[in-house]
Structures are given as C-alpha cells and as structure tokens.
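# An overview of the molecular structure
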Amino acid sequence: MTTPWIPRMHLWEIDDQPWFPSFLRAYVQTGLTHAWTVHLPILQPSSPATVVANVLRRILGDSVSKYTYIDFCAGAGGPTPFIEQALNNQLARSTSHASPTTTSSGVVNGERKAASADTPSYAAVADPSNKAKVVRDEDVAVNFVLTDLHPHVESWEAASKKSDRLTYVSDPVDAANAPADLLRRYARKSGADGNSKKGIFRLFNLAFHHFNDPLARAILKNTVETSDGFGIFELQDRSLSGLFTCCMFGFFIFLIAPLLYWWSPQRLFFVYILPVVPFVLVFDGLVSCLRTRTAGEVEVLLRTCGADSEGWEVRSGREQFLWPCGNLSWIICAKKTA
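Read on for an overview of the structure.

Cut-offs used in this document
- Throughout this description, residue numbers start from 1 for each chain and increase along the sequence as written.
- Whole-chain, interface and lining totals are the exception, using all residues; otherwise, since this is a predicted model, local features are given only for residues with pLDDT of at least 70 and side-chain atom pairs are given and counted only at 80 or more.
- For side-chain calculations, the full set of non-hydrogen atoms in the structure is used, while hydrogens and water are omitted.
- Only C-alpha atoms enter the line fits that serve as axes; for helices the fit covers just the stretch in contact. Angles between N-to-C directions range over 0 to 180 degrees.
- Note on conventions: DSSP H or I runs of at least 4 residues are helices, E runs of at least 2 residues are strands, and numbering of each starts at the N terminus.
- Here roughly perpendicular refers to angles of 65 to 115 degrees, roughly parallel to angles under 35, roughly antiparallel to angles over 145, and oblique to all remaining angles.
- Left-handed describes a crossing whose near helix is turned anticlockwise from the far helix by less than a right angle; the clockwise case is right-handed.
- Contact between two residues is taken to exist if any of their heavy atoms lie within 4.5 Å; hydrogens are not considered.
- As a working rule, the residues Ala, Val, Leu, Ile, Met, Phe, Trp, Tyr, Cys and Pro are called nonpolar, Asp, Glu, Lys and Arg charged, and the rest polar, with Gly in that last group.
- Residue count minus one, scaled by 1.5 Å, sets the expected span of a helix.
- A 1.4 Å probe rolled over the protein chains alone gives each residue an accessible area, and that area as a share of the maximum for its type sets the label: buried under 20%, exposed over 50%, partly exposed in between.

Okay, the packing of helix H8 (residues 240-261) against helix H10 (residues 276-291) next. When two helices pack together, their arrangement is given by the angle between their axes and by how far apart the axes lie. The contact between H8 and H10 brings their axes to 9 Å, and the two run at 165°. In terms of orientation, H8 and H10 fall into the roughly antiparallel class. For H8 against H10, the interelement crossing comes out right-handed. Across the interface between the two elements, Gly242, Leu243, Cys246, Cys247, Phe249, Gly250, Ile253 and Phe254 of H8 pack against Pro278, Leu281, Val282, Gly285, Leu286 and Cys289 of H10. Broken down by class, the residue content of the contact of H8 with H10 amounts to 11 nonpolar, three polar and no charged.

What follows is the structure in structure tokens.
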C-alpha cells in the first residue's frame, strides 16, 4: 500500500466533544451505523459490515472459528451485530456444502487477492428472522461480544436479542486494561460443554483512529499480553479518494434520509432544516481521514508498545465498498501459528 502524502494529524472531532448534545450524538452514531450496514445494489457489491466478515474469513482462514470476537469500542452497537450475522451465515453455508469461494477481488499487502463469493445481502443479514438460520455447529459458529468504556446497554440488549451468538458486557471496559476475568470467561465460553478454549480476537471498527499514540500503544500492549489477535477496520484513509468519499457521504444522507428516518420528524429536521447531522458526519469524517493510521504506522506502535510482539504477523489491505472510490482499510494482526 502506498504511503499517503498527507501526514497524520490528531485533530478533534465534534462528536467526541462533551458539549455536543447527547441526542444529536445519537443521531450521528445512527448515521455511522447506516454507513456500515446499508447496501446500495448499484453502487455497492455489499455493505461494509459484510465486507469485514468476508475479510475475516478470507484472511484468518481455518482459524476464523478459533476465536471469540470482542468489540472494545462498540459504541451504540455499530456494525458488529451485522458482522456477526454475516460471518456466521457464511460459516453455516460453508459447512452445509463445501465449495470453493473465489470471485470479488481485494488488495492484501499491495497484491490483488481473491475474495469470497459467498456474500449475504444486507437484507439477509439485517432480517431478525434469519436468527434461526445461523449455523448451530458449536465447533464452527463464532461468538461476538460488545464492550465499551461507556456502555450502551439498551442498544446492546436489543441487538443481542436477535442472535444467540451476540452478547455484551454491561460494565465499563477499558481497552487499555481489559479485565482478566472477562477475557478468561469468553476464551472458554464455547463448545457444547462450554469449556472449549478459544482465542480472543479484538475488533476496532471505525475506532482506532480516535486514540492518540500513547493510548494506542497502551491498548496494543494490553492486546499483545492478553489476546491472540486484533482487527482494525476503517471506512476512510488519508487519501484524496478517502476525503472525497466522506464528502459524498453527506450527499447520500440527504438522498436516503427519508427512507431511513421517515418515522422521526425530529431526525429529519436535523438533516434538512437545520442540517447538523450531515455537517457533523462530513466534518468528523474528514478529520477521521487525517487521523487514520497506515498499516506501517500501526506496526511501529505495535513493535514499540512495550510487549513482546515478535510472534505477531501484521497483514493489511483495502476493499472497495462504494463505487467509484469508497474503500475500507483493514489491518489484521494475529499470533503466528506453528
């Protein structure tokens, strides 16, 4: 992957500020969730959440089922419930019929690679009735856990009711100091007897760019010391195409808001009459571009975090999720297998 010509700048985002009204923050976070989960058939091969599931399955390979996936910055839920549904649906189909999956392409460490053709539609992933269709093979299906320093219990409770494979931690969880008992509990909470050992894989969905370098190092140090892998997924990067995509996102909000928020005149007011929501989404999106690290920059933090990361392998790439220039950037790092 080429080095961006724009240097990283750790600027501030409106949505992070304590003075920003909480109800508007909720509207903005809902908009971000839709950015992850909405699938526009003409412009998108699949939703970004489904792209993440594809990447996890393709890059982790056979080991994808050997982890419990813990989102340490889940916010109000974000894409993780949709990633869980998409990944477990793909695993279910892979056990019901063994067939090669190679079509749509992505970029891995600068090289074109084949991606899974077995991609569920957004409608299939988001439909709560599909809960019964998720694979029930305990050795294949994977569990996902929602955590955050500021838990959104009500939202998480609603999401977890749609899947037996999704749960949450109601207490605050610091990604830089994850409770050992929590990690032990979810590492063994698998298999028919509930005692099978699984690794811990941490997820950072549209989150890692929020951490300054000292905090990012502390989080990576705790990850290396207590977990078995992590994935960083961002909808933006420090490129002109990334900046352009963020601007286009504001335009798309204007187009699809009536379809998403027809039931809420107040939300529509803050989209069209007083357009705070699209403004914050675009402004924070542009700042997020400038904050987003490359895989090389993340690896520098990893190697200098103070923990022994010698046995950890970093892989990265980009996947197009929106025509013509919307790309999902991903970094996957895990302990090397013998």
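With 13 residues, helix H2 (residues 48-60) ought to run about 18 Å at 1.5 Å a step, and its terminal C-alpha atoms sit 18 Å apart, in line with that. Of all 13 residues in H2, 12 are buried; the element is thus mostly enclosed. Among all positions in H2, only Pro48, Ala49, Thr50, Val51, Val52, Ala53, Asn54, Val55, Leu56, Arg57, Ile59 and Leu60 are buried.

Now for the environment of Val280. Tracing the chain through its elements places Val280 in helix H10. The exposure class assigned to Val280 is buried, which follows from its relative accessible area of 2%. Measuring from C-alpha to C-alpha, the distance between Val280 and Glu13 comes to 8.4 Å, with 267 residues separating the pair along the chain. Apart from the residues lying within four places of it in its own chain, the contact partners of Val280 are Ile14, Asp15, Phe20, Val28 and Gly285.

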